[in-house]
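These are the residues of each chain, in order.
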Amino acid sequence: MTEKEIEAYFVRRVTTNGGKAYKFRSVTQRGVADRIACMPNGEAWFIELKKPGGRLSALQEVFAEEMNHTKQRYACLWSKEDVDEWFKRFD
């Protein structure tokens, strides 16, 4: 399973559940999350998607720490199963 396939699966799940999954790219900062998921319950999440066995870069780890420090909703999902598990919070 590739990262691209996991990301496509995530976007489909968000969309079919009534949310939006925006591709997130920053011109001035590297290491930001892949997607911002705006969910129908009003929650916004920064989502990093990785393939199984992948790894976060040093800048991605810094971004994750910054999100935690500023109490933002952040998740790193490593597989379709992780995506499914993450979605259980919206059931």
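Just so you know, these numbers come straight off a predicted model, no measurement behind them.

Draft legend 1. Summary view of the side chain of Glu48. Summarising the element assignment, Glu48 is placed in strand β3 (residues 44–49). Residue Glu48 is classed as buried on the basis of its relative accessible area, which comes to 1%. If we ignore the near neighbours within four places in the chain, the residues touching Glu48 are Val32, Ala33, Asp34, Leu56, Gln60, Tyr74, Ala75, Cys76 and Leu77.

Draft legend 2. Highlighting helix α1 (residues 3–16). Over its 14 residues, α1 runs 20 Å from end to end, which matches the ideal 20 Å to within 8%, given 1.5 Å per residue. Listed as buried for α1 are Ile6, Glu7, Tyr9, Phe10 and Val14. Buried positions in α1, seen along its axis, are confined to an arc of 160 degrees and lie on one side of it. α1 presents Lys4 and Thr16 as exposed residues on the side facing more than 90 degrees away from its buried surface. Against β1 (20–23), β2 (35–38), β3, β4 (74–77) and α3 (80–87) lie the buried residues of α1.

Draft legend 3. Main features of the packing of aromatic side chains. Under the defined criterion, the tally for this structure stands at nine aromatic pairs. Where Phe10 meets Trp86, the ring centres are 5.5 Å apart and the plane angle is 50 degrees; that geometry is what we call tilted. Of the two residues, Phe10 is situated in helix α1 and Trp86 in helix α3; the sequence distance between them amounts to 76 residues. As far as the burial class goes, Phe10 and Trp86 line up, both buried. With a centroid separation of 5.4 Å and an interplanar angle of 90 degrees, the aromatic rings of Trp45 and Trp86 are classed as edge-to-face. With Trp45 in strand β3 and Trp86 in helix α3, the pair connects residues that are 41 residues apart, well separated along the chain. Each residue in the set Phe10, Trp45, Trp86, Phe87 and Phe90 is aromatic and connected to the rest through ring pairs, giving one cluster. Stacked on the ring of Phe87, the Lys or Arg Arg13 has its end atom at 4.3 Å from the ring centre. Just above the ring of Tyr9 sits the side chain of Lys80; from NZ or CZ to the centre is 5.1 Å.

Quick notes on the rules
Residues numbered from 1 in each chain as written. Predicted model: local features only at pLDDT ≥ 70, side-chain atom pairs only at ≥ 80, totals over all residues. Heavy atoms only, no water. Helix = DSSP H or I, 4+ residues; strand = E, 2+ residues; numbered from the N terminus. Buried < 20%, exposed > 50% of the residue type's maximum accessible area, 1.4 Å probe, protein only. Contact = heavy atoms within 4.5 Å. Expected span 1.5 Å × (residues − 1). Arc of directions from axis to C-beta. Phe/Tyr/Trp six-rings, centres within 6.5 Å; stacked < 30°, edge-to-face > 60°. Lys NZ or Arg CZ within 6 Å of the ring centre and 35° of its normal.

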